Amino acid sequence: MEEIITGAEALMRALRDEGVKTIFGYPGGAIMPVYDALYDYTRGKKKAFDHILVRHEQAAAHAAQGYARVSGEVGVCLVTSGPGATNTLTGVADAMMDSTPIVVIAGQVGVAALGTDAFQEVDLVGVAQPISKWSYQIRHPEDIAWAVSRAFFIARSGRPGPVVLDFPKNAQVTTTKWQPKHVDFVRSYVPYPKVDEASVQQAAELINQAKRPLALVGQGVELGGAQAELLAFLEQGDIPAGRTMLGLSALPSDHPLNVGMLGMHGNLAPNVKEQKCDVLIAIGMRFSDRVTGRTDTYAKQAKIIHLDIDKSEINKNVHADVPVVGDCKETLPAITRLLRKGDHKVWRDSFIPLIEQEHERVVEPAIHPTEGPLLMGEVVNAVAEATKGEAVLVTDVGQNQMFACRYFKYRRHRSVVTSGGLGTMGFGLPASIGASFGTPDRTVCVFMGDGGLQMSIQELGTIMEQQTPVKIILLNNNYLGNVRQWQDMFFDRRKSFTRMLNPDYGQVCAAYGIAYRKVAERTDLAAAVDEMLSTKGPFMLECMIREEDNVLPMTPPGKSVDEMMLDIEI
């Protein structure tokens, strides 16, 4: 006998069939029938989901991102129409830039009211289309199972990304015959391109002939679950590897072939050697402007091999001599099988003087200062040493992000959650909540500046309610630090509206029932970090940082990637 159910009930069943366990959301009028159905699915015999009530819809999207990034699953958020839906769009754009699989389900006014400027109506599909992999309006309840399955298939397959489902109220309340659907094919959508064997062979030949190869490791390795394949490839070819910010944990920090982070605030050695190598192998990265610097001078001496699952990235920013389109979990071993055992000791040893130069002039003064106020680098290093490379790093955006990514340590995969392409301030706190639910067995450390924290401070309420055990390290310099640094360097020290007046965060934490400690003295730092990590549940460690602490090295805008500044003269 066929079962007749409401569209709201059909959505619950479709999400359950996709294996959803956690939903981040915020209710409202146009999604109320769904929330009524959700009530039964969060308790009792029907229990299938944990619903996390955030305090702002943008936080729902960022929490879904954090969940997806550490778990490898699709993050889900549920919001109402109008402002509820538009509030998620920053998270959708962020997920699109950083290839994060999330599904946003938003309520909508009934179909009969569409186009009338009804209360809390907005053309969500039209607005979301340019910043999502797929956006679709479910107008009829019989389409729900198909639309949800299709959404999850598109979000998680190929190059992952966000999907937006617009769910008019009439489709939520009218009934339909329940029939599960499973979508694993979409016409004209080819998530896993067939690998061209000729390209694989050309790539292997170039690498075998190379005297100075260099690999650039991006997040695509993490997304494709190809960490083991990457190691086999690098070790067979004896190839040093730099990592993008989002690809940092694809390769253990202490691996001998790891030569550091790429980019504007990356490490000196890989940035300089990009301009010296003879073969450059880009793996699951998109040649962002923050990695390449000036593209007209970038790696002109090198033959470039570009491995990417997304054909549109090939030749978009940097010309590839040998493009290898496909899933790197497939393309890396295909190339590795054709490689001779490499021996590039002389080339690898040439990185050492640059590593030592940066360590002496930048790293050691940043992580082991002997006088003056606390520095961001030493705080990050203290937490990194205490967590021994096992923790998940979440960051907000700005100086806190650069210092954290530079000095944290990684031994496990999927350990970096940060807003890369869009650079969204306010990302860190909600993303850390999502990460805690995505990997509950791991310590989650979120580094934030005082500016980014105040953009999402309401999510302390979510942490309070859920007792989410995030460890919040607030690097407080009373400035919008990254902008202040640029103002000092390039705008004649005219600090235009970058100084911050901060609240008493101890009182804020007390109001939310969150453990808190403030540290300003270097001699107190180690004990404060130990207290934070040993405290069960959430904890905020506020560190009072030297106000004019600067991120170094730095490739100034408009300069070539190897024109890095190791100090700042103002």
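All of these numbers come straight from a predicted model, not from anything done at the bench.

Parameters and conventions
- Residues numbered from 1 in each chain as written.
- Predicted model: local features only at pLDDT ≥ 70, side-chain atom pairs only at ≥ 80, totals over all residues.
- Heavy atoms only, no water.
- Helix = DSSP H or I, 4+ residues; strand = E, 2+ residues; numbered from the N terminus.
- Rg over C-alpha atoms; globule rule 2.2 N^0.38 Å.
- Contact = heavy atoms within 4.5 Å.
- Pairing = 2+ DSSP bridges.
- Axes fitted to C-alpha atoms, helices over the stretch in contact; angles between N-to-C directions.
- Salt bridge = Lys/Arg side-chain N within 4 Å of Asp/Glu carboxyl O.
- Buried < 20%, exposed > 50% of the residue type's maximum accessible area, 1.4 Å probe, protein only.
- Parallel < 35°, antiparallel > 145°, perpendicular 65-115°, else oblique.
- Left-handed = near helix turned anticlockwise from the far one by under 90°.
- Nonpolar A, V, L, I, M, F, W, Y, C, P; charged D, E, K, R; others polar.
- Expected span 1.5 Å × (residues − 1).
- Phe/Tyr/Trp six-rings, centres within 6.5 Å; stacked < 30°, edge-to-face > 60°.
- Lys NZ or Arg CZ within 6 Å of the ring centre and 35° of its normal.
- Polar contact = N/O pair within 3.5 Å; in protein donor to acceptor, adjacent residues only side chain to side chain.
- Disulfide = S-S within 2.5 Å.
- Core = buried A, V, L, I, M, F, W, Y, C linked by side-chain atoms within 4.5 Å.

Enquirer: What is the right way to look at the overall build of the protein chain in this model?
Expert: Within the protein chain, the regular secondary structure consists of 24 helices and 20 strands. For a compact globule of 570 residues, the expected C-alpha radius of gyration is about 25 Å, and the protein chain comes in at 24 Å, within 12% of that figure. Each principal axis of the C-alpha atoms in the protein chain carries an extent, and together these give about 75 × 60 × 40 Å. Across the protein chain, every contact between residues at least 6 apart in sequence was considered, and the portion connecting residues at least 24 apart equals 76%.

Enquirer: Mind showing me how you'd approach the sheet that holds strand β17 (residues 444-449) here?
Expert: Through backbone hydrogen bonds, the strands of a sheet pair up, either in parallel or in antiparallel fashion. With parallel pairing, six strands are arranged side by side in an open sheet as β16-β15-β17-β18-β20-β19. Pairing within the sheet leaves two strands with one partner each, and these edge strands are β16 (416-417) and β19 (515-519). Of the pairings in the sheet, the one linking strand β18 (residues 471-476) to strand β20 (residues 539-544) comprises six bridges and is parallel in character. Considered in β20, the bridge of Lys-471 is made with Phe-539. Lying over the sheet, helix α19 (residues 428-438) contacts β15 (392-395), β16, β17 and β18, oriented at roughly 175° with respect to β17.

Enquirer: Please explain the pattern of salt bridges as it appears in this structure.
Expert: Close approach of charged atoms allows side chains with opposite charge to pair. Summed over all chains, the structure comprises 28 salt bridges. With its nearest N and O atoms 3.4 Å apart, the salt bridge here joins Arg-493 to Glu-548. Taken together, the positions of Arg-493 in the loop between α22 (481-490) and α23 (505-512) and Glu-548 in the segment after β20 put the pair 55 residues apart, joining distant regions of the chain. Using a relative accessible area of 39% as the deciding quantity, one classes Arg-493 as partly exposed.

Enquirer: Explain the packing of helix α3 (residues 57-71) against α19 here, please?
Expert: Look at α3 against α19: their axes get within 6 Å of each other, and the N-to-C directions meet at 40°. On the basis of the axis angle, α3 is oblique to α19. Where α3 crosses over α19, the two elements pack in a sense that is right-handed. Two secondary-structure elements touch here, α3 through Ala-59, His-62, Ala-63, Gly-66, Tyr-67, Val-70 and Ser-71 and α19 through Pro-430, Ala-431, Gly-434, Ala-435, Phe-437 and Gly-438. Taken together, the residues that form the contact of α3 with α19 break down as eight nonpolar, five polar and no charged.

Enquirer: What should I look at first to understand unusual backbone geometry in this one?
Expert: Leu-552 connects to Pro-553 through a cis peptide bond whose omega is -5°. Its place among the elements puts Pro-553 in the segment after β20. Positive phi outside glycine occurs at Phe-287, with the angle close to 55°. By the secondary structure assignment, Phe-287 is in the loop between β12 (279-283) and α13 (289-292). In this model, Phe-497 sits at a positive phi of 60°, which is unusual for a non-glycine residue.

Enquirer: I tried to follow the pairing of β12 on my own but got confused; where do I start?
Expert: Within a regular beta strand, the side chains point alternately toward one face of the sheet and then the other, so they alternate between its two faces. By the criterion of burial, β12 is predominantly enclosed, with five of the five residues buried. Of the two faces of β12, the one lined by Val-279, Ile-281 and Ile-283 and the one lined by Leu-280 and Ala-282 are each fully buried. Pairing of strand β9 (residues 213-217) with β12, which is carried by five bridges, proceeds in the parallel orientation. Each residue of the ladder has a partner; that of Leu-214, found in β12, is Leu-280. With five bridges connecting them, β12 and strand β13 (residues 303-308) associate as parallel partners. Note that in β13 the partner of Val-279 across the bridge is Lys-303.

Enquirer: Quick question: what am I supposed to make of α3 here?
Expert: Spacing of three or four residues puts side chains on the same side of an α-helix, whose turn is 3.6 residues. With 15 residues, α3 extends 21 Å from end C-alpha to end C-alpha; this agrees with the ideal 21 Å at 1.5 Å per step. In the segment just after α3, Gly-72 is the residue with positive phi, at about 80°.

Enquirer: Help me out: how do you make sense of the side chain of His-306 in this one?
Expert: Position of His-306 among the secondary structure elements: in strand β13. With a relative accessible area of 0%, His-306 lands in the buried category.

Enquirer: Which parts of the structure should I look at to understand the packing of aromatic side chains?
Expert: Here the distance between the centres and the angle between the planes together describe a pair of aromatic rings. Within this structure, the stated rule accounts for 13 aromatic pairs. Measuring from ring centre to ring centre gives 5.9 Å for Phe-408 and Phe-447, while their planes differ by 75°; the resulting arrangement is edge-to-face. A residue pair is termed long-range when its members are at least 10 positions apart, and Phe-408 in the loop between α18 (399-407) and β16 and Phe-447 in strand β17 qualify at 39 residues. Within the aromatic cluster, the residues linked to one another by ring pairs are Phe-24, Tyr-67 and Phe-437. In this structure, Lys-273 is placed above the aromatic ring of Phe-351, and the distance from its NZ or CZ to the ring centre is 5.7 Å. Just above the ring of Tyr-479 sits the side chain of Arg-499; from NZ or CZ to the centre is 5.2 Å.

Enquirer: What is the right way to look at the side chain of His-51 in this model?
Expert: Residue placement: His-51 occurs in strand β3 (residues 50-53). Of the polar contacts made by the side chain of His-51, one reaches the side chain of Tyr-35; its length is 2.8 Å. Those residues in contact with His-51, other than ones at most four positions away along the chain, are Ile-23, Phe-24, Gly-25, Tyr-26, Tyr-35, Leu-38, Thr-42 and Gln-466.

Enquirer: What is the right way to look at the packing of helix α17 (residues 376-387) against α18 in this model?
Expert: Where α17 meets α18, the closest approach of the two axes is 9 Å, and the angle between their N-to-C directions is 45°. When the interaxial angle is binned, α17 and α18 end up oblique. Considering only the axes of α17 and α18, their crossing is right-handed. Together, Met-376, Gly-377, Val-380, Asn-381 and Ala-384 of α17 and Gln-399, Asn-400, Phe-403, Ala-404 and Tyr-407 of α18 make up the contact between the two elements.

Enquirer: Would you mind going over the state of the cysteines with me for this structure?
Expert: Note: disulfide means a covalent bond formed between the sulfur atoms of two cysteine side chains. Per the counting criterion, the structure on display carries zero disulfides. A disulfide-free cysteine, Cys-277 has its sulfur positioned 20 Å from the sulfur of Cys-328, the nearest such atom. Between Cys-509, a cysteine without a disulfide, and Cys-543, which holds the nearest cysteine sulfur, the sulfur-to-sulfur distance is 12 Å. Of the residues examined, Cys-509 reaches a relative accessible area of 0% and is grouped as buried.

Enquirer: Hey, could you run me through the sheet that holds strand β2 (residues 22-25) in this one?
Expert: With parallel pairing, the six strands of this open sheet are ordered in space as β3-β2-β4-β5-β7-β6. This sheet does not close on itself; its edge strands, each paired only once, are β3 and β6 (134-137). Ignoring which end each strand starts from, the neighbouring axes of this sheet average 20° apart. Along the sheet, α3 makes contact with β2, β4 (75-79) and β5 (102-108), crossing β4 at roughly 165°.

Enquirer: Can you help me understand the nonpolar core in this one?
Expert: When a protein is soluble and globular, its nonpolar side chains tend to lie buried together. Formed by 66 residues in total, the largest nonpolar core has its most connected members in Leu-280, Phe-287, Phe-408, Phe-447, Ile-473 and Cys-543. Excluding residues that lie within four positions of it along the chain, Phe-447 makes contacts with Val-380, Val-383, Leu-393, Val-394, Thr-395, Asp-396, Asn-400, Ala-404, Phe-408, Ile-473 and Leu-475. Counting residues in each nonpolar core, the second largest holds 40 residues, with Tyr-35, Phe-49, Ala-155 and Val-163 among its members.

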